[in-house]
Amino acid sequence: MATPVLDKAEAPAAASPYITVTFRIRRFNPEVSDTATWEDFQVEIDPKERVLDGLHKIKWELDGSLTFRRSCAHGICGSDAMRINGRNRLACKTLIKDINPEKPITVEPIKGLTVLKDLIVDMEPFFQAYRDVMPFLVTKGNEPTRERLQSAEDRERFDDTTKCILCAACTSSCPVFWNDGQYFGPAAIVNAHRFIFDSRDEAGEQRLEILNDKDGVWRCRTTFNCTDACPRGIEVTKAIQEVKRALITRRF
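What this report covers is the structure whose coordinates are included nearby. Everything numeric here is computed off the predicted structure, so don't read it as measured data.

We now examine the overall build of the protein chain. A count of helices and strands for the protein chain gives 8 helices and 7 strands. Expressed along its principal axes, the backbone C-alpha trace of the protein chain runs to roughly 80 × 60 × 35 Å. In the protein chain, which comprises 252 residues, the proportion classed as buried is 43%. Pairs at least 24 residues apart make up 63% of the contacts formed inside the protein chain by residues separated by at least 6 positions. Roughly 14,100 Å² of accessible area belongs to the protein chain as shown, and the carbon and sulfur atoms make up 49% of that amount.

Right, dumping it as structure tokens:
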């Protein structure tokens, strides 16, 4: 028996993938008020999209004054770190469907750094701490005539800490940093680790002395907030502990 063919007008319509999501965003404009306020936006969006896509829709279609950082939108540049539902995340890597879109999605700036406007914070103290730990290879002698070779085992020693993208998610999740902005913070220590344990580098002792300061590694309270917040999966707390051990034993 032939299967009846439905007329196009009788064919069932495909279900729309879009749902209405409430974005609750912490807004701050120093030109308007000294205090921050929460503002809700209703967005029609596919839950398989990212929080960054929702922020784009708000800025491009609802309120062009919304201010936030973003660049590559693929989890490489680290510029769009923010607190989403109370946790530090990259907006470009956080899918709406993974954070219960049936409830308002709260978005606010990362903590511990001065808010300049809306979701943008002043990153200069963060980058100053990064610069202070000398995040570059230091060697002595004349310029080499060939590449400085390194064994796979020596490279593996610091492989994990090469993954840092300087998003500040770890540092701005640290309660010690919240209470005292003088603390170097996890990201600076991670980047110091990357060179302290590099067999080609010759400034390990100097970096250890920098981190032995009262605002260095000894301020860490091992809460693991930094490890949990890292979007690259770096074992941040482990790296900090290895730097502490190197300070005690002077072996790296």
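Pairs may arise between side chains of opposite charge once their charged atoms sit close together. Counted under the stated rule, the structure contains 19 salt bridges. A salt bridge links arginine 27 to aspartate 118; the shortest N-O distance between them is 3.1 Å. Of this pair, arginine 27 sits in strand S1 (residues 19–27) while aspartate 118 sits in the loop between strand S6 (115–117) and strand S7 (120–121), placing them 91 residues apart in sequence. By the burial criterion, arginine 27 is buried, and aspartate 118 matches it. Its salt-bridge partner being aspartate 160, residue lysine 163 comes within 3.4 Å of it at the nearest N-O pair. Bridged by salt links that share partners, the residues Arg27, Glu39, Asp63 and Asp118 form one connected network.

Time to look at the side chain of lysine 244. As for its placement among the helices and strands, lysine 244 is situated in helix H8 (residues 236–249). One buried charged residue, lysine 244, remains without a salt bridge, the closest side chain of opposite sign being glutamate 242 at 13 Å. Reaching out from lysine 244, the side chain makes a polar contact with the backbone oxygen of cysteine 220 at a distance of 3.5 Å. Not counting residues up to four positions away in its chain, the partners in contact with lysine 244 are Val217, Trp218, Cys220 and Thr222.

The rules behind the values
Residues numbered from 1 in each chain as written. Predicted model: local features only at pLDDT ≥ 70, side-chain atom pairs only at ≥ 80, totals over all residues. Heavy atoms only, no water. Helix = DSSP H or I, 4+ residues; strand = E, 2+ residues; numbered from the N terminus. Buried < 20%, exposed > 50% of the residue type's maximum accessible area, 1.4 Å probe, protein only. Contact = heavy atoms within 4.5 Å. Areas by Shrake-Rupley, 256 points an atom, 1.4 Å probe, with all protein chains shown as cover. Salt bridge = Lys/Arg side-chain N within 4 Å of Asp/Glu carboxyl O. Lys, Arg positive; Asp, Glu negative; His and termini not counted. Polar contact = N/O pair within 3.5 Å; in protein donor to acceptor, adjacent residues only side chain to side chain.

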